[in-house]
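Observations on chain architecture
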Amino acid sequence: MDARVLDLFCSGNGHGSGSQGATANGKSGNGSGAPSKKASLKSKKSKSRLSRHFKPSNNTPYLPPEAEEGNIEYKLKLVNPTQYRFEHLATQMKWRLQEGGGEAVYQIGVEDNGMLVGLSDEELRASLKTLHLLAKKVGADITVLREQQVDYDFDVSRKIAEVLIRKVPDDQQFLDLRVAVLGNVDSGKSTLLGVLTQGELDNGRGRARLNLFRHLHEIQTGRTSSISFEILGFNTKGEVINYSESRTAEEICESASKMITFIDLAGHHKYLKTTIFGLTSYCPDFAMLVVSANTGIAGTTREHLGLAMALKVPIFIVISKVDLCTRATVERTVRQLERVLKQPGCNKVPMVIGSKDDAVTAVQQFVQSPNITPIFTLSSVSGESLDLLKVFLNVIPPLSNSKEQEELMEQLTEFQVDEIYSVPGVGTVVGGTLYSGICREGDPLVVGPTDSGQFHKLSIGSIQRNRSACRVLRAGQAATLALGNFDRSLLRKGMVMVSPEMNPTICWRFEAEIVLLFHAKTFHKGFQVTVHIRNVRQTATVEAVYDTEELRTGEKAVVLFKFIKHPEYLKVGAKVLFREGLTKGIGHVTMLQPITQYQMRDEEQ
């Protein structure tokens, strides 16, 4: 293995070891170590109630104890509830849907402590019928993800059912997840996205990817060099909504209650800075690493895997082009991936998906433990196992809960500028992500910092999400904002648009605690690197290395950086990723040296 890539993997030890949390055989912890006191008391009550019916054996299967928060609900059975009980269950379902942003998962036949008790066929049918009525009352649809038999040496077979309940939230804001697509050049990333979003299989010569390319040279070479966005929707019943039935993005957004936004990143090494910018700036919820079955782990595959791990983005892997290989070649590629994922610096637990049941199990364990890494083997030409990936994407929930979302929305508005456009008839348009707060049409904001640390006043015109009009933008959502006649020359990537009440921290210098992942010689004062911090990408000089004169590969230190071109808006705790040639390092901002005075200019004066 390439030594510098092996060192890059050392950044993944923050994830914990693979022995904690979930394992690939279906038994898992509660995702946070020991269960809470409240959960333990709840568990004891459930066990005492259950013991009247039967005594569990040593191999009794368990799920993690039910959490008070979150969108997962356990129900032993729902047979002929009273009217009062029915109303209570409906209120509970509304709460779970709110927690999941319009999506909830019910485990039927499961005790509150996670014990898989199971129900008879008649009880299960009655419980599912009640669940249908509850979903209808709250305006949702249900989809039975799977039914599973549990064996307690009883004469009568007992089953549990896992049910997905989904509705369009009351505010008409569909559930939106961002997935960064990584992988080596020619691994089939753009082709796979073309097949998923267009609904037509590839012809084996790259026809499916043509709609994704933005530049002529990309069409001519077949290689992505810029960041492009593609959308895939799912309706309340879990059915795929893409361009095969919808002509425009607006139609997809209208029909979908859950939206997956794929961020197609470049695979070639010379476009690495673009790939890093996509990972740091667009805040993806998950990363999909695409590996070609016939070439295996080659080129930038290891580097992309290491980058996602360094930024702590949960990863799942897709092995593409299985139609070009023998089964033995595919299995060799899977084994190669498993060896890399199990390395000490990586500590991942690979889980090969071979059925719909595996895909649903993978979602549960993937969310509970960051160490689980689902692996799909599919073909964009024959369509083999493509449906398993769709099931996985349909069921996978957001990682942040409603409480965290509400806390972000209560903060002052902060929108990071990632793209700048000039649109005829509209004027200047900026694209990016709303990091905190709420943004509405007509809101006054200030944008900066400029080269001299100034901020300029502006007003938001119209807002678009996924190419469709939107009146309100909430924290964590990506969108484009029209700024009217605002002078485009005053804008650049890396700026932020914030509330006028905010006192933004602007700095030339900042301190960061770093780990040097790889450097050929020694890292010392005066060295220049390209620094990536969220949407900031700029060259910085090392002004000081504290407590030591120089750093070598694998060593840690606190370093003082100074930007070369202009000051930037930073926050303490933000992840730092820097590189220069083969030199790579990661860390986080520990202290800022802010500019004490900056000017606020009003463009109208």
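Residues numbered from 1 in each chain as written. Predicted model: local features only at pLDDT ≥ 70, side-chain atom pairs only at ≥ 80, totals over all residues. Heavy atoms only, no water.

Here we look at the overall build of the chain
We apply this condition: What counts as a helix is a DSSP run of H or I of at least four residues, what counts as a strand is a run of E of at least two, and both are numbered from the N terminus. Burial classes: relative accessible area under 20% of the type maximum marks a residue as buried, over 50% as exposed, and values in between as partly exposed (1.4 Å probe, protein chains only). Here, residues are in contact when the closest pair of their heavy atoms is within 4.5 Å. Surface accessibility in these figures is a Shrake-Rupley result with a 1.4 Å probe; residues are shielded only by whichever protein chains are displayed.
The helix and strand inventory of the chain stands at 13 helices and 32 strands. Classification of the 605 residues of the chain by burial places 55% in the buried group. Put simply, of all contacts in the chain between residues at least 6 apart along the chain, 72% involve residues at least 24 apart. Of the roughly 26,800 Å² that the chain leaves accessible, carbon and sulfur atoms contribute 48%.

Digging into empty space enclosed by the protein
Using the following cut-off: A pocket here means an open set of points on a 1 Å grid, computed over the protein atoms alone, that has protein on both sides within 12 Å along at least five of seven lines. A cavity is instead a set of points where a 1.4 Å probe fits but cannot get out; residues with an atom within 4 Å of a point line either one. Grid points are joined across faces, edges and corners, and a volume is the space filled by probe spheres set on the points. The classification used treats Ala, Val, Leu, Ile, Met, Phe, Trp, Tyr, Cys and Pro as nonpolar, Asp, Glu, Lys and Arg as charged, and all other residues, Gly among them, as polar.
If you walk through the whole model with that rule in mind, you get one cavity of 30 Å³ or more. Of the volumes computed, that of the largest cavity is approximately 70 Å³. Lining the largest cavity are Glu414, Val496, Ile533, Arg534, Asn535, Val536, Tyr569, Leu570, Lys571 and Ala574. Taken together, the residues that form the lining of the largest cavity break down as six nonpolar, one polar and three charged.

Looking at the packing of helix 3 (residues 83-99) against helix 4 (residues 121-138)
So the rule is basically this: Helix axes use the C-alpha atoms of the stretch in contact, all axes being lines fitted to C-alpha atoms, and the angles between their N-to-C directions lie in the range 0 to 180 degrees. In what follows, roughly perpendicular refers to angles from 65 to 115 degrees, roughly parallel to angles under 35, roughly antiparallel to angles over 145, and oblique to any angle outside these ranges. By convention the crossing between two helices is left-handed if the near helix lies anticlockwise of the far one by an angle smaller than a right angle, and right-handed if it lies clockwise.
Relative to each other, helix 3 and helix 4 sit at 65°, their axes nearing to 10 Å. Classified by the angle their axes make, helix 3 and helix 4 are roughly perpendicular. For the crossing formed where helix 3 meets helix 4, the hand is right-handed. Taken together, the residues of helix 4 that come into contact with helix 3 (itself represented by Phe86, Glu87, Leu89, Ala90, Met93, Lys94 and Leu97) are Thr130, Leu131, Leu133, Leu134, Ala135, Lys137 and Val138.

Observations concerning the layout of surface pockets
Unoccupied space between atoms shows up once a probe the size of one water molecule is rolled over them. Filter applied, for reference: Segment limits for the domains were obtained from an automatic or database-derived domain assignment.
Estimates place the volume of the second largest pocket at around 760 Å³. Surrounding the second largest pocket, 32 residues form its lining, Phe229, Tyr421, Asn466, Arg467 and Thr480 being those nearest its centre. Broken down by secondary-structure element, the contributors of at least two residues to the lining of the second largest pocket are strand 5 (175-183), strand 6 (228-234), strand 13 (414-423), strand 14 (427-436), strand 18 (463-465) and strand 21 (478-482). Among the elements that make up the lining of the second largest pocket, the one with the highest residue count is strand 21 (five residues). Taken together, the residues of the lining of the second largest pocket break down into 14 nonpolar, 11 polar and seven charged. Counting contributing residues, the lining of the second largest pocket receives three or more from each of domain 2 (175-399) and domain 3 (403-498).

What about the sheet that holds strand 7 (residues 240-241)?
Here is the rule: Strand pairing follows a simple DSSP-based rule, namely that at least 2 bridges must link the two strands.
Taken together, eight strands build an open sheet; the order of strands is 7-6-8-5-9-10-12-11 and the sheet is mixed. Two strands close off the open sheet at either side, each with one partner strand: strand 7 and strand 11 (349-352). Judged from the three bridges that link them, strand 10 (residues 315-320) and strand 12 (residues 372-377) form a sheet pairing that is parallel. Bridging from a neighbouring strand, Ile317 pairs with Ile375 of strand 12. Sheet contacts for helix 5 (residues 189-198): strand 5, strand 6, strand 8 (258-264), strand 9 (286-292) and strand 10; angle to strand 8, the most-contacted strand, approximately 155°. On the sheet, helix 12 (residues 386-395) packs against strand 6, strand 7, strand 8, strand 9, strand 10 and strand 12 and is oriented at approximately 115° with respect to strand 8.

Thoughts on the sheet that holds strand 2 (residues 103-108)
Taken in spatial order, the four strands make up an open sheet running 1-2-4-3, and their pairing is mixed. Single-partner strands in this sheet number two, and they are strand 1 (72-75) and strand 3 (141-150). Here the strands of the sheet are splayed against their neighbours by 20° on average, with no regard to which way each runs. Sheet topology note: the strand 3/strand 4 (residues 158-166) ladder contains nine bridges and is antiparallel. Directly across from Thr143, in strand 4, lies its bridge partner Leu164. Those strands touched by helix 11 (residues 356-368) are strand 2, strand 3 and strand 4, and its axis lies near 100° from that of strand 3.

Quick word on the pattern of salt bridges
Defined as follows: We define a salt bridge as a contact between a side-chain nitrogen of Lys or Arg and a carboxyl oxygen of Asp or Glu at a distance within 4 Å.
Counting across every chain of the model gives 20 salt bridges. Among the ionic pairs, Glu73 bridges to Arg96, the shortest N-O distance being 2.7 Å. Pair noted here: Glu73 is in strand 1 and Arg96 is in helix 3, with a separation of 23 residues, a long-range link. A relative accessible area of 4% means that Arg96 is categorised as buried. Taking the shortest distance from any N to any O, the salt bridge between Arg146 and Asp357 comes out at 3.0 Å. Here the residue Arg146 occupies a position in strand 3, and Asp357 occupies one in helix 11, the gap between them amounting to 211 residues. Several salt bridges share partner residues, and in doing so they unite Glu73, Lys75 and Arg96 into one network.

A short note on the pairing of strand 28 (residues 556-563)
Where strand 23 (residues 506-518) meets strand 28, seven bridges bridge the pair, whose relative direction is antiparallel. Across the sheet, residue Ala512 finds its bridge partner in strand 28, namely Val559.

Brief notes about the packing of aromatic side chains
Short version of the rule: Stacked, tilted and edge-to-face pairs are distinguished by plane angle, under 30 degrees for stacked and over 60 for edge-to-face with tilted covering the rest, among Phe, Tyr and Trp rings (Trp via its six-membered ring) whose centres lie within 6.5 Å.
Counted by the stated rule, this structure contains 13 aromatic pairs. With centroids separated by 6.1 Å and ring planes inclined at 85°, the aromatic side chains of Phe277 and Tyr282 adopt a geometry described as edge-to-face. When its relative accessible area of 4% is taken as the criterion, Tyr282 is described as buried. By the ring-pair criterion, three or more aromatic residues cluster together here, those being Phe510, Phe523, Phe527, Phe561, Phe563 and Phe578.

With respect to a negative patch on the surface
Note the following rule: A patch is a set of surface residues, each over 30% in relative accessible area and not in a salt bridge, joined within 9 Å for like charges and within 5 Å for the nonpolar side chains Val, Leu, Ile, Met, Phe, Trp and Tyr. In this tally, Asp and Glu contribute negative charge and Lys and Arg positive charge; neither His nor the terminal groups of the chain are included. Where a charge sits is defined by one atom per residue type, namely NZ (Lys), CZ (Arg), CG (Asp) or CD (Glu).
The grouping of Glu404, Glu406, Glu407 and Glu410 at the surface amounts to a negative patch. Here Glu407 lies in helix 13 (residues 402-410). Residue Glu407 is classed as partly exposed on the basis of its relative accessible area of 44%.

With respect to the environment of Arg488
How we decide: N or O atoms closer than or at 3.5 Å make up a polar contact, with two conditions inside protein: a donor-capable atom paired with an acceptor-capable one, and, for residues adjacent in sequence, both atoms drawn from side chains.
Secondary-structure assignment places Arg488 in the loop between strand 21 and strand 22 (496-498). Setting aside anything within four residues of it in sequence, one finds Arg488 in contact with Ile420, Tyr421, Ser422 and Thr428. A polar contact is formed between the side chain of Arg488 and the backbone oxygen of Ile420, at a distance of 3.3 Å.

Topic: the packing of helix 8 (residues 272-281) against helix 9 (residues 301-310)
Between helix 8 and helix 9, whose axes approach to 11 Å, the crossing angle comes to 30°. It follows that helix 8 is roughly parallel to helix 9 by the angle criterion. For the pair helix 8 and helix 9, the crossing hand works out as right-handed. On helix 9, the residues touching Leu272, Thr275, Ile276 and Leu279 of helix 8 are Glu303, His304, Leu307 and Ala308. Split into classes, the residues belonging to the contact of helix 8 with helix 9 amount to five nonpolar, two polar and one charged.

Notes on a nonpolar patch on the surface
On the surface, Tyr421, Val423 and Val426 cluster together to form a nonpolar patch covering roughly 200 Å² of accessible area. Tracing the backbone shows Tyr421 in strand 13. On the basis of relative accessible area, Tyr421 is assigned to the partly exposed category, the value being 30%.

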